[in-house]
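For reference, the chains in residue letters:
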Amino acid sequence: MVGQSPLGPAEGSAAVLLQPFVHQVGGHTSMLTYDEHTICKPLVSQELSFYESLPLAMRQFTPQYKGIVSVHLKKDSLGNLTLIASPSLGQPDSSAGGDPAVTLWHKCKWSHTQVTKTFKDSCPGKMLLRTDLQYHTDSLLEDANGNQPERKSHNPWGLHCHRQHLNRMSSKHNENKLHQFLLLENVVSKYSYPCILDLKMGTRQHGDDASEEKKARHIKKCEQSTSASLGVRVCGMQVYQADTGHFLCKDKYYGRKLSPEGFQQTLRQFLCNGNQLRTDLLEPIILRLKALLAVIRKQSSYRFYSSSLLIIYDGQEHKESADHHLPFPKTHGTSPSRVDVRMIDFAHTTFKGSKSNPNPTPYDGPDHGYIFGLENLIKILQSLSEGK
């Protein structure tokens, strides 16, 4: 699939207007919406190698890999940044004299200046990002003066990442520089009001290729957070509040400060819709996590350093089912469709046989740090289920 367009000939001729991914709750790399069911992110060779060699048993717990596009940056006379994504990797850039119809246009909604201003207006400084955040799904974000600069409200963290990404691309690279992007399944596309918990998994976060300075920095973050004590920490969250019609958002800075008790309280908060605790979701989430645990235990040599685990449910689904007195729809097996658990972010994942790293640090057996985190996560959710 590498080097091939994810679109057919007829589809490739249509222009695609991409937007920042509005449901990004964690991470530092900007995620972009390619179409309703697809997101894209900058390609990292180790992550590509993981998806290309993905064990069959893990596929239900990871986003579907859909291919690669190459992208370059353009800036108009007004300073507006435009990312142009060519549908076929390695093909000549059609915007440089070929048929423009086969070019996929990513016209970013904001100029370099507008992104900075909008972010500062709606989120003055980083302190607002480190406290309770809310945004309304049906109305517009307002700045301090009551103005509404956005047509559609965004999770503040996603806007933060997008602004930084544009800053890096415009300052480090000229317009002709090609950037390769991975195309991945949008795992929240089926949800009307996606409630998302982003958990950084494992007791170690630095990759084998980390510098001594970066290694020390990551070790310190783990030691000072629940990564060391529980093998898992909160990296980001958004949860729909049915009583107010807002999403409550938390970011990684909030997650780093949590004690084990605070972590458990945050899990409880993630399952609270403003009216009640969604106890109906606990069993299906626990079942899904146990199924993942069984798979991870069998993955010898894999180390999922710095990867995240998403827990997802629809904030509106319970209300709709209650209104219509309908049972929750279920998929095959023990995994109800109203919840999902997915592993993401494999830029620092290592395993025997990796194409991007032919001589990886040898590891035997499964990733015990990841397993430690999963086991503790399951225990905490079970205690919530038992009313503790």
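A few points on the structure. (Residues numbered from 1 in each chain as written. Predicted model: local features only at pLDDT ≥ 70, side-chain atom pairs only at ≥ 80, totals over all residues. Heavy atoms only, no water.)

**What about the overall build of the chain?**
The test is simple: In this description a helix means any DSSP run of H or I spanning at least four residues, a strand means any run of E spanning at least two, and both kinds are numbered starting from the N terminus. Here the term buried applies to any residue with accessible area under 20% of the maximum for its type, exposed to any over 50%, and partly exposed to those in between, with areas from a 1.4 Å probe on protein chains only. To be clear on the numbers: accessible area is Shrake-Rupley with a 1.4 Å probe, and residue cover counts the displayed protein chains and nothing else.
The secondary structure content of the chain amounts to eleven helices and 15 strands. Out of the 388 residues belonging to the chain, those deemed buried represent 52%. Carbon together with sulfur atoms contributes 51% to the accessible area of the chain, which is approximately 17,800 Å² in total.

**Things to note about the nonpolar core**
Definition in use: By nonpolar core is meant a set of buried Ala, Val, Leu, Ile, Met, Phe, Trp, Tyr and Cys residues that side-chain atoms within 4.5 Å join together. In what follows, residue pairs with any heavy atoms lying within 4.5 Å of each other are defined as contacts.
Residues Leu-309 and Leu-381 are the most contacted members of the largest nonpolar core, which totals 67 residues. Not counting residues up to four positions away in its chain, the partners in contact with Leu-309 are Leu-197, Asp-198, Leu-199, Met-201, Leu-289, Leu-292, Val-341, Arg-342, Met-343, Tyr-370, Leu-374 and Leu-377. Counting residues in each nonpolar core, the second largest holds eight residues, with Tyr-34, Cys-40, Val-71 and Phe-181 among its members.

**Thoughts on the side chain of Asp-251**
Inclusion rule: The term polar contact refers here to a pair of N or O atoms within 3.5 Å; inside protein, the definition further demands a hydrogen-donor-capable atom paired with an acceptor-capable atom, and it admits residues adjacent in sequence only when both atoms are side-chain atoms.
For Asp-251, the location among the structural elements is in the loop between strand E11 (246-250) and helix H7 (252-256). A distance of 3.1 Å separates a polar side-chain atom of Asp-251 from the backbone nitrogen of Tyr-253.

**Some thoughts on the pairing of strand E10 (residues 232-241)**
Rules: DSSP bridges decide pairing: two strands pair if at least two such bridges lie between them.
Here E10 lies mainly inside the structure; ten of its ten residues are buried. In the sheet, strand E9 (residues 194-201) pairs with E10 via six bridges, with the strands oriented antiparallel. Note on E10: the bridge partner recorded for Leu-199 is Val-234. Looking at chain direction, E10 and E11 are connected through five bridges and run antiparallel. Pairing of Tyr-240 across the sheet is with Phe-247, part of E11. Where E10 hands over to E11, the hairpin turn is made up of four residues, of which Gly-245 adopts a positive phi near 75°.

**Quick notes on the environment of Leu-309**
Turning to its location among the elements, Leu-309 is positioned in strand E13 (residues 308-314). Along the chain, Leu-309 and Asp-198 lie 111 residues apart, while their C-alpha atoms are 5.8 Å from each other.

**Focus: the packing of aromatic side chains**
Inclusion rule: Between the rings of Phe, Tyr and Trp (Trp by its six-membered ring), a pair exists once the centres lie within 6.5 Å; its type follows the angle of the planes, with under 30 degrees stacked, over 60 edge-to-face, and the other angles tilted.
Overall, the coordinates contain 14 aromatic pairs when judged by the stated rule. Residues Tyr-51 and Phe-346 carry aromatic rings whose centres are separated by 5.6 Å and whose planes lie at 85° to one another, so their mutual orientation is edge-to-face. Highlighted residues: Tyr-51 in helix H2 (residues 45-52) and Phe-346 in the loop between strand E14 (339-344) and strand E15 (349-350), separated in sequence by 295 residues. Assessed through its relative accessible area of 0%, Phe-346 is described here as buried. Taking the centre distance of 5.5 Å and the plane angle of 65° together, the rings of Phe-304 and Tyr-370 count as edge-to-face. Placement of Phe-304 in strand E12 (residues 303-304) and of Tyr-370 in helix H11 (residues 368-385) is noted, with a sequence separation of 66 residues between them. The buried category is assigned to Tyr-370, whose relative accessible area is 0%.

**Describing the pattern of salt bridges**
Put simply, the rule reads: Take a side-chain nitrogen of Lys or Arg and a carboxyl oxygen of Asp or Glu: if they are within 4 Å of each other, that pair is a salt bridge.
Going through the model one piece at a time under the given rule, you end up with ten salt bridges. Across the salt bridge formed by Arg-204 and Asp-208, the nearest N and O atoms sit 2.8 Å from each other. A relative accessible area of 30% means that Asp-208 is categorised as partly exposed. Across the pair Asp-340 and Arg-342 runs a salt bridge, and its minimum N-O distance is 3.0 Å.

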